[in-house]
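Geometric and topological summary
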Amino acid sequence: MTVPHRPSSAATPAVRLEDLPFAPAPVEELLRVFGKAVRARQLYLPNNPVYRSALDSVRAAFAPIWRETDDLALTFTETDVRWFGHVALSEPTKAADSLPWTFFKDGVRELRVARGFEDQELVKLLDILQRVRKAAPEEDDLLTMLWEADFANLRYRYVDLGTESVAPLDGVAADVQPAAPGEVAQAVREVSEASRSGVVNMQDFDATLHFLDESELGYLRREIEREYASDLRQNVLAILLDIFESQEAPHVREEITEIIETMMLLMLASGELRGVAFLLSEVQAAVTRGANVTAQQRERLGELPDRLSAPEPLGQLLQSLDESADLPPQAALSAMITELRPAALETLFGWIGRLRNPAVRTLVEGAAERLAAGNLQELARLVQANESTVALEAMRRCGAMKTTAAVPAIARVLADGATPMRQAAVHALTAIGTPGAMQALERTIDDADRDVRMAAVRTLGASKHRGVFARLEQAVKGRKLRDADLTEKMAFFEAYGAMCGDGGIAYLDSLLNGKGMFGKRQDPELRACAAMALGRIDGKKAQAALQQSAGEKDIVVRNAVSRAMRGGGE
Amino acid sequence: MTAPRAAKRLTLTMTSPAGEGAGDSFVRQKGRAFIFALYGALRAVKLYPVGNDLVQRALEDLTAVAREILASEHELELRVSGEFIFVNGTRLRLDLDNYASFSHVLSVFRANGIGVLGATEAVATRDWQMLLAVTQTGGGSAPEDRFHAVLDKLEAGGVSTLTLAEPGEESGEEREAAKERAKRTYAQSVAVTKDLMTSVRLGRSPNVKRIKRVVQGIVDQILNEETSMVGLTTIRDYDEYTFTHSVNVCIFSVALGKRLGLSKLQLYDLGMAALFHDIGKSRVPLVVLNKSGGLTDEEWRTIAAHPWLGVLALFQIRGSQEFPYRSMVVAVEHHMKADLTGYPKPVRPRLLSVFSKIVAVADGFDAATSRRAYQTVPYSPAEVMKELRDNPRRGMDPVVVKAFINLTGIYPIGTVVVLDTFELGIVHAVNPLSEMLARPVVRVISDAQGNMVRPGTLVDLADRAPNGEFHRTIIKTENPDRYGIRVSDYFT
């Protein structure tokens, strides 16, 4: 980094200090703090206290100058900033961070700063210097940026390095021979005579005809607003697709396809998703309507949606959205995703869980839901996707959307999926809730995983699905369930109670109230389960069975009986 | 051929310390209100007797706004300079909302030779009434005479709260310097356009920075010295037609955009689009482009492809930034008509951009008034103007054409005219008096005997003799070739 320093007397041209309008110290100080502010702008964000302090210093440094003058003129050489010829800042290195060189290299030779510049425009200039230092050679230079900034209190003089060698206009080569005075006079008189007979249209002299009235001014105002509200990229895409359709020349179509591919990437990169959506929806029309579109042309342009739906490009898009601070509108994202091919669902489902930005996740979930709704076959296929996150998301959506077409696939997951998958499958089938879904759940009450079993049995019990009754009865009366924990036992018994009707009362009564061969009652947990099951059965018989144990001393049994008699569940 | 001048020139940007851009200050807001009030009062005084309630109310409004400014600023100075109005040194921006009021106030000031109007804090309704009344009775005398007449009447009426001054005289040196700047900008623009078209023809990437710079230069010139710049459009070099035409269309478009109240950056967008409008021609074979005889159907199709070829060509021009999408839209639309006939025929529905409509008018005007390979006898500017205005089959937007005529006058700059004094003239500038569109400022270039004079004398055709009759009146427009006149000689 070049460090600004006070100019040595040797470097100063022959300018006597007494010839200056006032002592140069305030100007030198201003340039010194300005240089610090430029560096602060490079290093810190605009709200950083160091940068704010640097700005305050520059503003303060203007004060003593404005006490002397209203207008500060600074000239630039390659290495110096001069004030009335006096070197007020010297930076001998012609480097990117040298203040004089930054101005000089782009042609700026003089800046005139007026009072008030420091209020609003100082920051604007610092921003420009930051941009110009980072700019690539082909990007806008300082002059262009200064022009666009349209400063009110900063004027500049420059040499135009690009065009200064252009020859001035001195008229074009003579190829017209002047007429002789006599010829001119004769022609004029001929014209005059002819014209006096009324050639002039008096209507043309009514100036009011050419003034715009209020409605015309309003029309122009609206037109200009429309010009700046319009989506230029989408407009140009429409133009390109029009050309593609109407021009059959292969090289033209190839050029357009290349341009469109580039534009799609740019739009993706800049988050212009509405434009991408438009493109995806229109390319098919273009290849369909265009005259004599070859198979190769159709393949290349028409398959843009397929290419964007592939995991890699779509994954990149989702990642960039997740990392972006500037999100596209929901409608734009939805519009684009809706135009994707069904194959995109797999990538979307895989990413939803990975997205860290909640807003993006909400956007993507909403968009994925719309795409899934239109592509149920693909959704069902994804239930058995290799990637578990995809399959889980697919099952979740199948449940939420009650996708009956997915039941067979979900049933297969129940048969051979890992535990979390089987759990998700039960939830999905539960949400789907159709007889087919319930049937798929029947075997699950024998699942190896307790949670899966319980979820299934609760669903089946709640739905009173008769198809599972035999299996359920077997479980309730079997020994295996006796070893389960109370919650699981209770779930099974309650499901049994929900379905068994009066036919099950005798067995449940015997469990609750019966005594064994040696007068010993059943295990209290089992009795409590029987009580809860009885509670699920309507009618006096079940109530009577419960009533017998109403005075039970065992607290577990007594509580269960009490709840069952009140008709309460767990 | 002239050798390039070796000395580097400094160009002063047109950003003004009193320009726009630093927010809407009190002065700017109240300045606009003052102009509106002045305009309302001027119209009221013109239309009704001074005792009329409407007149009195308008004068009271004017007094109130003036006092408001004076109370805050302790001064009120309205200064007109070129096409700008300054209040207390702050330039007020012309836009569609204040277009009519600015135009009227400017023309009244010019007609009366007033450059500066000042008011003191004691200014009263009666003072304004006196001033406005006397500015409307100027008769046919020259602005300088009218100025002194107005001063005398104010003094006689005992008005001491209002002060008037004549416009600041631009020195001959300044005028020449301004003209030189305009010429240099024009020459640079043509050179850059030539480089642009040639680069595209050769498949190279043109220098975008230079293109931007020349358009910025044109915008600056139009904002500050419109007449000089528009005058240079009379350079219609046959050999360099494609390049000068693009520059001319850029100049006309920017000047028209300025009239329509576009901001500086919007004018830049419009200028870029206008400069690029024919870039598709750089993809048309030169043998077709320069063919002087009739074109075969195939050749015509090739030429007619230039709008959409322009879109493809513009994808070659990017710099490192965005593609010039707005320019692409204008390139493809500039030969489409309002009803979407014309060429190319769009497949998808579209609404033409207002920039395309502006460029179409500028393009139509410059093309028809130029000599080209396939149009050896150009039409006169006035004929073209009437055609654009009156022939709906041209498909021009009538409001934009109307605004264009408002910009150029009925006799556009560069038109050769025959005067009723048997003199020949070249239209030099639109008359600053808005009601005198048909009476431009003319450079008289021959005497009644047919002797050509160079550079000739500028005369205002709105000037009248003491009996109220105009000194000179246009009786016809003429083809300069008939007299061996090269119009551009009088503008360079």
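Residues numbered from 1 in each chain as written. Chains lettered and ligands numbered in written order. Predicted model: local features only at pLDDT ≥ 70, side-chain atom pairs only at ≥ 80, totals over all residues.

1. Overview of the overall build of chain A
Quick note on the threshold: Here a helix means four or more residues in a row that DSSP labels H or I, a strand means two or more in a row labelled E, and each is numbered from the N terminus. The globule rule used for comparison is 2.2 Å times the number of residues to the exponent 0.38, while the radius of gyration itself is calculated over C-alpha atoms. To sort residues by exposure, count the other C-beta atoms lying within 10 Å of each residue's C-beta; 20 or more gives buried, 12 or fewer gives exposed, and values between give partly exposed, all with C-beta atoms placed from the backbone. For every residue pair, C-beta atoms are placed from the backbone, and the pair is scored as a contact if these atoms sit within 7 Å.
Scanning chain A from N- to C-terminus turns up 28 helices and five strands. Its C-alpha radius of gyration of 42 Å places chain A more than 25% over the 25 Å reference for a compact globule of 570 residues. A principal-axis box enclosing the C-alpha atoms of chain A has dimensions of 140 × 75 × 50 Å. Counting the 570 residues in chain A, one finds 41% classified as buried. If you take every contact in chain A between residues at least 6 apart in sequence, the share linking residues at least 24 apart comes to 68%.

2. Quick word on the confidence of the model for chain B
All names here are of chain B. Selection criterion: Scored from 0 to 100, pLDDT reflects the predictor's confidence in each residue.
With 87% of its residues at a pLDDT of at least 70, chain B reaches an overall mean of 83. Confidence, expressed as mean pLDDT per element, reaches its minimum in chain B at strand β1 (residues 11-12) with 42 and its maximum at helix α13 (residues 325-333) with 97. Scored below 50 in pLDDT, residues 1-24 shows 49 contacts in the model against residues more than four places distant or in partner chains.

3. Brief notes about the pairing of strand β3 (residues 84-87) of chain B
Residues and elements named next belong to chain B. Put simply, the rule reads: Each pair of strands is called paired provided DSSP finds at least two bridges between the two strands.
The alternating pattern of β3 places I85 and V87 on a buried face, while none of F84 and F86, on the opposite face, is buried. Across four bridges, strand β2 (residues 76-81) lies against β3 in antiparallel orientation. For R79, the partnering residue across the bridge sits in β3 and is F86. The sheet contact formed by β3 and strand β4 (residues 90-92) spans three bridges and is antiparallel. The partner of I85 across the bridge, within β4, is L92. The hairpin formed by β3 and β4 contains two residues between the paired strands, and N88 there has a positive phi angle of roughly 50°.

4. Comments concerning the sheet that holds strand β6 (residues 162-165) of chain B
Residue and element names in this part refer to chain B. Defined as follows: For helices, the fitted line uses only the C-alpha atoms of the stretch in contact; every axis is such a line through C-alpha atoms, and the angle between N-to-C directions lies from 0 to 180 degrees.
Taken in spatial order, the five strands of this open sheet run β4-β3-β2-β5-β6, and their pairing is antiparallel. One side of each edge strand has no neighbouring strand; the edge strands of this open sheet are β4 and β6. When strand polarity is set aside, the average angle formed by the axes of neighbouring strands in this sheet is 20°. Note: β2 against strand β5 (residues 116-119), four bridges, orientation antiparallel. Paired with L78 across the two strands is L117, which belongs to β5.

5. A short note on the pairing of β5(B)
Successive residues of a regular strand alternate their side chains across the two faces of the sheet. All names here are of chain B. The alternating pattern of β5 places L117 and A119 on a buried face and V116 and G118 on a face that is not buried. In terms of strand pairing, β5 meets β6 through four bridges, oriented antiparallel. Bridge pairing in β6 places V116 opposite A165.

6. Some details on the domain arrangement of chain A
To keep things clear, this is the line we draw: The source of the domain bounds is an automatic or database domain assignment.
Per the domain assignment, the segments making up chain A are domain 1 (17-158), domain 2 (228-374), domain 3 (383-463) and domain 4 (472-570). A straight line from the C-alpha centre of domain 1 of chain A to that of domain 2 of chain A covers 45 Å.

7. Overview of the environment of S324(A)
Among the secondary structure elements, S324(A) is positioned in the loop between α13 (311-323) and α14 (330-338). For S324(A) and G271(A), which are 53 residues apart along the polypeptide, the C-alpha to C-alpha distance reads 9.0 Å.

8. Remarks on unusual backbone geometry
Residues and elements named next belong to chain B. Following Y343, the chain continues into P344 via a peptide bond in cis, with omega recorded as -10°. With respect to the helices and strands, P344 occurs in the loop between α13 and α14 (354-368). Of note, the amide linkage connecting R454 to P455 takes the cis form, showing an omega dihedral of 10°. Along the polypeptide, P455 turns up in strand β10 (residues 452-460). Positive phi is not limited to glycine here, since F422 has a value of about 70°.

9. Comments concerning the sheet that holds β10(B)
Residues and elements named next belong to chain B. Read from one edge of the open sheet, five strands run β10-β9-β8-β7-β11, paired in antiparallel fashion. Each edge of the open sheet carries a strand with a single partner, namely β10 and β11 (474-478). This sheet shows a mean twist of 35° between the axes of neighbouring strands, independent of strand direction.

10. A look at the domain arrangement of chain B
Interface size is commonly expressed as the accessible surface area that is lost when the partners come together. Split by domain assignment, chain B resolves into domain 1 (26-165), domain 2 (172-361 + 396-408) and domain 3 (416-490). Just the C-alpha atoms count here: the centres of domain 1 of chain B and domain 3 of chain B sit 31 Å apart.

11. Comments concerning the nonpolar core
Put simply, the rule reads: A set of buried Ala, Val, Leu, Ile, Met, Phe, Trp, Tyr and Cys residues, joined to one another through C-beta atoms within 7 Å, is what we call a nonpolar core.
By size, the foremost hydrophobic cluster in this structure holds 222 residues, and its most contacted members are V383(A), I410(A), A531(A) and L534(A). When residues no more than four places from it in sequence are discounted, the contact partners of I410(A) are V383(A), M395(A), C398(A), A425(A), A428(A), L429(A) and A440(A).

12. Focus on helix α7 (residues 208-231) of chain B
Operational definition: A helix is expected to reach a length of 1.5 Å times the quantity of its residues less one.
If you check α7(B), its first and last C-alpha atoms are just 27 Å apart, much less than what 24 residues at 1.5 Å a residue would give, namely 34 Å. The buried fraction of α7(B) is high, at 22 of 24 residues.

13. Topic: the confidence of the model for chain A
All names here are of chain A. Confidence in the prediction for chain A averages 86 pLDDT; 90% of positions are at 70 or higher. When the elements of chain A are averaged for pLDDT, helix α6 (residues 181-196) gives the smallest value, 73, and helix α8 (residues 232-246) the largest, 96. Note on residues 196-208: pLDDT is under 50 here. Beyond four places in sequence and across chains, it has 13 contacts.

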